[in-house]
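# Reading the structure
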Amino acid sequence: MPIASVNPATGETLETFEELDAAGIEQRLARAEAAFRTYRTTSFAHRAQLLRRAADLLDEDREAVARTMTEEMGKPLTAARAEAAKCAKAMRWYAENAEALLADEHPDPADVADAGAARAYVRYRPIGAVLAVMPWNFPFWQVIRFAAPALMAGNVGLLKHASNVPRTAVALEELFVRAGFPEGCFQTLLIGSRAVDGVIRDRRVAAVTLTGSEPAGRVVAAAAADEVKKAVLELGGSDPFVVLPSADLDAAVRTAVTARAQNNGQSCIAAKRFIVHADVYEPFTAAFAEAMRALKVGDPLEEATQVGPLASRQGRDDLEELVEDAKKHGARVECGGRRPEGLDAGWFYEPTVLTGITPAMRIHQEETFGPVATVYRVADLDEAVALANDTPFGLSSNVWTDDPAEQERFVRDIEAGGVFFNGMTASHPALPFGGVKRSGFGRELSGHGIKEFCNVTTVWVA
Ligand code: NDP
């Protein structure tokens, strides 16, 4: 795939970029190594000052940054603005909290004495250059949630962004440079996926983090394992959205629509499988389908648009194939189920609700990366839990119930990295983010995220 910015609403190529050659990659790796040598010794206060400056610049540039994202990958402009604002907030959060999160840890004095030491403590030290292989769906946020903790920990960052968002990739490097980070602290590598293996294997790269698909994750983590380097993987999800009889049905329907259609349906933590108790199945499904049908699909640069195009033709075709397969095996189309009329130039797909899903359908097990929801009817809590877990993925989950015993049942039994009650899954800098099963391993955000790429150093003094 060439590195190119193509507007998914029109199919127009906006700009193409030259891939870095071997000499260009070498130059950037050398810069990263040189930068780390001194940056690792800077104070938290200094790093925080730079990161706050980056946050201020991003706030100032919000409109332009949002437009770049929307033109490159099709998210509605309103959502792109919100994404930029969220990035600035996360940078300020890490600027504020990193020092405390990484403060020296002092074990119990009795344990220190038992270890034969007069003094012993734990220091979180940076590990070097971390490579981030990132996707296009939240092209700023996915990168910032890696970069903010990495830079605050004293690491340096190398970004291999998805090949369809090069303008955003370049804007990210420029942001950190303009904020005053020393040369080499954060660099974009304009490379295709074939060049990633060599970068992971380079001795100057300490670790890798990837957000994206399972095949990409497998290849990247295998190379990292082969080099005995740490990897964090944040892969796909097929999050359940469980609605039980005690739910506030209006709120559940409203949230279900946002949770499924946000970002044109292309979010790893989007609710994808709606598992509804028989007592509320009919009213929930009818209202949900009606609200999905009412979403305004169109040009993402228009303020009123709620659902734009999918980011690529391939993404739209893959989604369409999943829906056609479900239809062929007897699924009922409650709304959507086709490309919208009059929007043929771009890669649009109508918000869709499917019922009558069976295990024979691919959609039962595969991730739907677009505005397509499947709704299941269950008889009781046991069936809801079993169905929620009947997926290869385990990123997050949403459950609507006011009953504390039902909530506790999900906290105990759900096979996912998160469970959100009476609301939708969203990432927040203070809360860990990541999954189990085929959704990956390791965590981003919070203290857990910043510590993933630290050398947890034991200091023992006789
Ligand atoms: P990919 O996983 O292919 O892309 C994500 C990143 O990985 C990109 O930077 C890509 O680079 C890179 N990459 C891809 N293959 C390799 C490889 N073999 N070695 C090294 N790097 C690689 O996602 P797609 O864009 O193809 O989307 C496909 C599916 O992935 C979606 O339908 C969805 O299911 C899932 N996905 C999940 C995301 C999430 O947030 N968890 C985000 C995006 C996708 P390049 O662009 O150059 O290929």
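Calculation rules
- Residues numbered from 1 in each chain as written.
- Predicted model: local features only at pLDDT ≥ 70, side-chain atom pairs only at ≥ 80, totals over all residues.
- Heavy atoms only, no water.
- Phe/Tyr/Trp six-rings, centres within 6.5 Å; stacked < 30°, edge-to-face > 60°.
- Helix = DSSP H or I, 4+ residues; strand = E, 2+ residues; numbered from the N terminus.
- Buried < 20%, exposed > 50% of the residue type's maximum accessible area, 1.4 Å probe, protein only.
- Lys NZ or Arg CZ within 6 Å of the ring centre and 35° of its normal.
- 1 Å grid on protein atoms, 1.4 Å probe; cavity = no way out; pocket = protein on both sides within 12 Å on 5 of 7 lines; lining within 4 Å.
- Points joined across faces, edges and corners; volume = space filled by probe spheres on them.
- Nonpolar A, V, L, I, M, F, W, Y, C, P; charged D, E, K, R; others polar.
- pLDDT = per-residue confidence, 0-100.
- Near = heavy atom within 4 Å.
- Polar contact = N/O pair within 3.5 Å; in protein donor to acceptor, adjacent residues only side chain to side chain.
- Areas by Shrake-Rupley, 256 points an atom, 1.4 Å probe, with all protein chains shown as cover.
- Salt bridge = Lys/Arg side-chain N within 4 Å of Asp/Glu carboxyl O.

This model, assessed by the stated rule, comprises nine aromatic pairs. Between F241 and F274, the aromatic rings sit 5.1 Å apart at their centres with planes inclined by 45 degrees, giving tilted as the arrangement. Pair noted here: F241 is in strand β9 (residues 239–243) and F274 is in strand β10 (residues 271–277), with a separation of 33 residues, a long-range link. Taken individually, F241 and F274 each receive the classification buried, so the pair is uniform in this respect. Taken together, the ring pairs connect F241, F274, F284, F288 and W400 into an aromatic cluster. Here the guanidinium or amino end of R47 rests over the ring plane of Y39, the centre of that ring lying 5.5 Å away.

Here the focus is empty space enclosed by the protein. Under the counting rule described, the total for this entry stands at four cavities of 30 Å³ or more. Approximately 100 Å³ is the volume attributed to the largest cavity. As for the largest cavity, its lining consists of 14 residues, and the residues nearest its centre are R145, F146, P149, G449 and F453. For the lining of the largest cavity, the secondary structure elements donating two or more residues are α6 (141–153) and α15 (446–452). With four residues, α6 is the single largest residue contributor to the lining of the largest cavity. Tallied by class, the residues present in the lining of the largest cavity amount to seven nonpolar, three polar and four charged.

What follows is about the confidence of the model for the protein. Mean pLDDT over the protein stands at 98; residues scoring 70 or higher make up 100%. Here the prediction assigns the complex a pTM of 0.98, and the interface score ipTM is 0.96.

It is worth spelling out the site of the ligand at this point. Taken together, 24 residues lie near the ligand, and M134, W136, S163, S213 and E367 sit nearest. Within the backbone of M134, a nitrogen or oxygen atom sits 2.8 Å from an oxygen atom of the ligand. In the environment of the ligand, an oxygen atom lies 2.5 Å from a nitrogen or oxygen atom belonging to the side chain of W136. In the complex, the protein chains occlude 79% of the 860 Å² of accessible area that the ligand would expose alone. Classifying every residue of the shell around the ligand gives 13 nonpolar, eight polar and three charged.

Within the structure shown, the criterion is met by 41 salt bridges. Between R67 and E71 there is a salt bridge, and its shortest N-O distance comes to 3.3 Å. Note that R67 and E71 are positioned in helix α3 (residues 62–73) at a spacing of four residues, about one turn of the helix. We note a salt bridge from E227 to R201, for which the minimum N-O separation is 3.0 Å. With a gap of 26 residues between them, E227 in the loop between α9 (214–226) and β8 (230–234) and R201 in helix α8 (residues 196–201) connect regions that are remote in the sequence. R201 sits in the partly exposed class, given a relative accessible area of 31%. Taken together, the salt bridges that share partners define one network made up of E15, R67, E71 and R167.

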